[in-house]
Amino acid sequence: RVIFVNDEERELSLANGWLRDTKCITIPNGVDLSALGVSKRESQRQRFRRQHDFSKEEVVILFSGRIDDQKQPLILPRIAAALKRKRLSVPWRIVVQGDGRLLDRLRAQTRRYEVEDVMLFLGWRDDASAAYHGADVVLHPALWEGLPLVLLEAQAASLPIVASNVKGNREVVTPETGKLCDPHDVDQYVEGLVHYMLSPAERQRTGIRARKRAEANYDKRNNFSQVAQIYEQILNVDFVDQLRRAA
């Protein structure tokens, strides 16, 4: 059996005759919904925002992931510069959580576009939940994906998403939970971000719908259990028990 994490790749394999329908299944990735639940949001949000000196009104745009070509981080300073030209009525910053080989180039581009004042670099964090709780919207301009955990975590944290319209992303982000953009179009990212930046009520409504979608589709306990059932058909019970305990 072949397990896909998104339906688009599974449908492509079926359409091209690479696999038979009975030999493949889609089981999405999953996340820990409890770690990103509403009960923990307010205390962690306040702690995170105090730690990084965000005002109550400041809109925090979170980019979380590897700083490499796939995630297209070098577009961030261009987005920040375009947002600055808008002269919005609300204060804002883009928070970059992650590390990778393009970090030095990203910092250089931040200086080139003169957006150091609106971009904050956190580095790599083993526990990303604090940043999700402290953020107001997630930005994910990746060039390709499978089924990105960052978007599942964003939805679990009740956050609206502005993301590139690529495979994987478009399976997670619906019109009710975020905005999809041409991967290379700075103006589309800016338009999507501004939509949420200027409306706390819309951020809240979208976040509620996002959380419901995460609960329905991306609970790692349910999804890992489905994987374990498939292994149970092929391997021994001891291995399956270990997999379930790991979930």
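Right, let's walk through the structure included here. Quick caveat, the model's predicted, so the values are computed rather than measured.

1. Some points on the overall build of the protein chain
Secondary structure assignment for the protein chain yields 11 helices and eight strands. Its C-alpha atoms give the protein chain a radius of gyration of 19 Å, within 12% of the compact-globule value 18 Å for 247 residues. Overall, the protein chain is about 60 × 40 × 35 Å in size when its C-alpha atoms are taken along their principal axes. Here the protein chain, with 247 residues, has 50% of them falling under the buried criterion.

2. A word on the environment of Val-162
Positionally, Val-162 belongs in strand E7 (residues 161–164). C-alpha separation for the pair Val-162 and Gly-98, spaced 64 residues apart in sequence, amounts to 18 Å. Not counting the four nearest positions on each side in its chain, Val-162 is found in contact with Val-137, Val-138, Leu-139, His-140, Lys-179, Cys-181, Tyr-189, Gly-192, Leu-193 and Tyr-196.

3. Some details on the packing of aromatic side chains
For the structure shown, the criterion picks out one aromatic pair. Positioned over the ring face of Phe-121 is Arg-107, at 4.4 Å from the centre of the ring.

4. Quick notes on helix H6 (residues 149–156)
Burial of H6 is extensive: six of the eight residues sit out of reach of the surface. Against the buried residues of H6 lie strand E3 (59–64), helix H5 (129–134), strand E6 (137–140), E7, helix H7 (169–172) and helix H9 (200–217). Of the residues one or two after H6, Ser-158 is the one with positive phi, at around 65°.

5. Observations regarding the sheet that holds strand E8 (residues 178–181)
Strand order across the open sheet formed by six strands is E5-E4-E3-E6-E7-E8, with parallel pairing between neighbours. Looking along the sheet, the strands with just one partner apiece sit at the ends: strand E5 (119–123) and E8. Here the strands of the sheet are splayed against their neighbours by 20° on average, with no regard to which way each runs. Across six bridges, E3 lies against strand E4 (residues 92–97) in parallel orientation. Pairing of Val-59 across the sheet is with Trp-92, part of E4. Where H6 meets the sheet, it contacts E3, E6 and E7, and its direction lies at approximately 170° from that of E6.

6. A few points about the side chain of Thr-26
Inspection of the secondary structure assignment puts Thr-26 in strand E2 (residues 24–26). Taking the relative accessible area as the measure of exposure, Thr-26 reaches 18% and is therefore buried. Looking at Thr-26, its side chain comes within polar contact range of the side chain of Asp-7, at 2.7 Å. Ignoring sequence-local partners within four residues, the contact set of Thr-26 consists of Phe-4, Val-5, Asn-6, Asp-7 and Arg-10.

7. Remarks on the packing of H6 against H9
In helix packing, the relevant descriptors are the interaxial angle and the interaxial distance, both defined with respect to the helix axes. Running from N to C, H6 and H9 cross one another at 120°; their axes reach a closest spacing of 7 Å. Along its contact with H6, which presents Leu-152, Gln-155 and Ala-156, the element H9 presents Ala-210, Arg-211, Arg-213 and Ala-214. Its residues assigned to classes, the contact of H6 with H9 comprises four nonpolar, one polar and two charged.

Procedures and definitions
Residues numbered from 1 in each chain as written. Predicted model: local features only at pLDDT ≥ 70, side-chain atom pairs only at ≥ 80, totals over all residues. Heavy atoms only, no water. Helix = DSSP H or I, 4+ residues; strand = E, 2+ residues; numbered from the N terminus. Rg over C-alpha atoms; globule rule 2.2 N^0.38 Å. Buried < 20%, exposed > 50% of the residue type's maximum accessible area, 1.4 Å probe, protein only. Contact = heavy atoms within 4.5 Å. Phe/Tyr/Trp six-rings, centres within 6.5 Å; stacked < 30°, edge-to-face > 60°. Lys NZ or Arg CZ within 6 Å of the ring centre and 35° of its normal. Pairing = 2+ DSSP bridges. Axes fitted to C-alpha atoms, helices over the stretch in contact; angles between N-to-C directions. Polar contact = N/O pair within 3.5 Å; in protein donor to acceptor, adjacent residues only side chain to side chain. Nonpolar A, V, L, I, M, F, W, Y, C, P; charged D, E, K, R; others polar.

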